[in-house]
Amino acid sequence: MPTNKTAFLDRLRQNLESEVNSVPEKKTCFAEIIKNIESLDEITAERLIKHLDLKTIKGITDEDGYFKEFVNTIVKNERESQTEIFYLLKGKQVSCLHSLDTTETWHWLDGKEISIFIFKAQGLEKINLSEKNPLHTIDKNTLFGAKITNLRDDNDYALVTCLCKPGFVPKHYCNPSKEEIYTLLKTYPEENQTIQEQFICLFSSTLEFNNLFCSFKGEGTGAVRHIFSHHILKP
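As the structure is a computational prediction, the values presented were derived from the model and not from experiment.

So, on to the overall build of the protein. Summing up its helical and strand segments, the protein has 6 helices and 11 strands in all. Within the protein, the fraction of its 235 residues that count as buried is 51%. Restricting to contacts in the protein with at least 6 residues of sequence separation, those with at least 24 account for 68%. Carbon and sulfur atoms make up 49% of the accessible area of the protein, which amounts to about 11900 Å² in all.

If you want it as structure tokens, here you go:
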């Protein structure tokens, strides 16, 4: 679904201006992006992927979606470092449930409303990011995931920036264990559909997730044959 170009450009400028101590890399990147976006007649997911030079994130993490890192100060100062990326979800893509050993601030920029599901000891918290509520920070070592809130068709998308302090490195990323999946299914039976949507991208087929899900419910063997060889969920 095309979006309002003027409104999107305004949000890009506001995002940049909201950070008093914004690093030079971000200012340079946003200036170039604003210039490119101004030349477009409309904004769509495909055009954002092209003009923001987004790449698939799977392989860096196990999530769906597209990203581009535009800030990385780890080399300059590891203790007080930061990294920031553009992150785009399109259609049924999800940011599968995971945790990070760093804080992460999501800043909504464009497209559809996006829902972040945050699992805490106190219960499940659902945060909806949109133009009215664009910002949320997730504490380190907190299990969370995200998806487009009210998906209408596969052309729907949501674009955010994700700012990590200290800066993100792959070792910060962690998927829940099978035991944690069982606990989630047991603790939040009313959220089984959401949990299934958030985990399906971790498995090499829908059948493998169904086997795990049926095992939790006492149906079938629950045999999970192969999940990503490097993955924490490997049996």
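Picking up where we left off.
On to the sheet that holds strand E11 (residues 173-174). One open sheet holds the 5 strands; their spatial order is E7-E6-E9-E4-E11, and the pairing between them is antiparallel. The outermost strands of the open sheet, each flanked by one partner alone, are strand E7 (123-129) and E11. Bridging between strand E6 (residues 114-120) and E7 involves 7 bridges; their strand directions are antiparallel. Residue pairing in the sheet places isoleucine 116 in a bridge with isoleucine 127 of E7. In the packing of helix H5 (residues 192-199) onto the sheet, the strands contacted are strand E4 (94-100), E6 and strand E9 (143-148), and the crossing angle to E4 comes to about 85 degrees.

This brings us to helix H2 (residues 24-38). Its 15 residues place the ends of H2 21 Å apart at the C-alpha level, agreeing with the 21 Å of an ideal helix rising 1.5 Å per residue. Of all the residues in H2, the buried ones are Lys26, Cys29, Phe30, Ile33, Ile34 and Ile37. Buried residues of H2, viewed axially, fall in a sector of 135 degrees; they line one side. For H2, exposure combined with an orientation more than 90 degrees from the buried face picks out Pro24, Thr28 and Lys35.

This next bit is on the pairing of strand E3 (residues 83-90). Of all 8 residues that make up E3, 8 are buried, and the element is covered over most of its length. Pairing of E3 with strand E10 (residues 157-165), which is carried by 8 bridges, proceeds in the antiparallel orientation. Pairing of tyrosine 87 across the sheet is with valine 160, part of E10.

Time to look at unusual backbone geometry. Only a minority of non-glycine residues have a phi that is not negative, and only a minority of peptide bonds are not trans. Proline 166 follows lysine 165 through a cis peptide bond whose omega is -5 degrees. Phi angles above zero are rare outside glycine, and aspartate 53 is one such case at about 60 degrees. Position of aspartate 53 relative to the elements: it lies in the loop between helix H3 (45-51) and strand E1 (55-56). Unusually for a residue other than glycine, asparagine 141 sits at a positive phi of about 60 degrees. The residue asparagine 141 is located in the loop between strand E8 (135-138) and E9 in this model.

Cut-off values and rules
- Residues numbered from 1 in each chain as written.
- Predicted model: local features only at pLDDT ≥ 70, side-chain atom pairs only at ≥ 80, totals over all residues.
- Heavy atoms only, no water.
- Helix = DSSP H or I, 4+ residues; strand = E, 2+ residues; numbered from the N terminus.
- Buried < 20%, exposed > 50% of the residue type's maximum accessible area, 1.4 Å probe, protein only.
- Contact = heavy atoms within 4.5 Å.
- Areas by Shrake-Rupley, 256 points an atom, 1.4 Å probe, with all protein chains shown as cover.
- Pairing = 2+ DSSP bridges.
- Axes fitted to C-alpha atoms, helices over the stretch in contact; angles between N-to-C directions.
- Expected span 1.5 Å × (residues − 1).
- Arc of directions from axis to C-beta.

What is shown is where atoms sit, not what they do.
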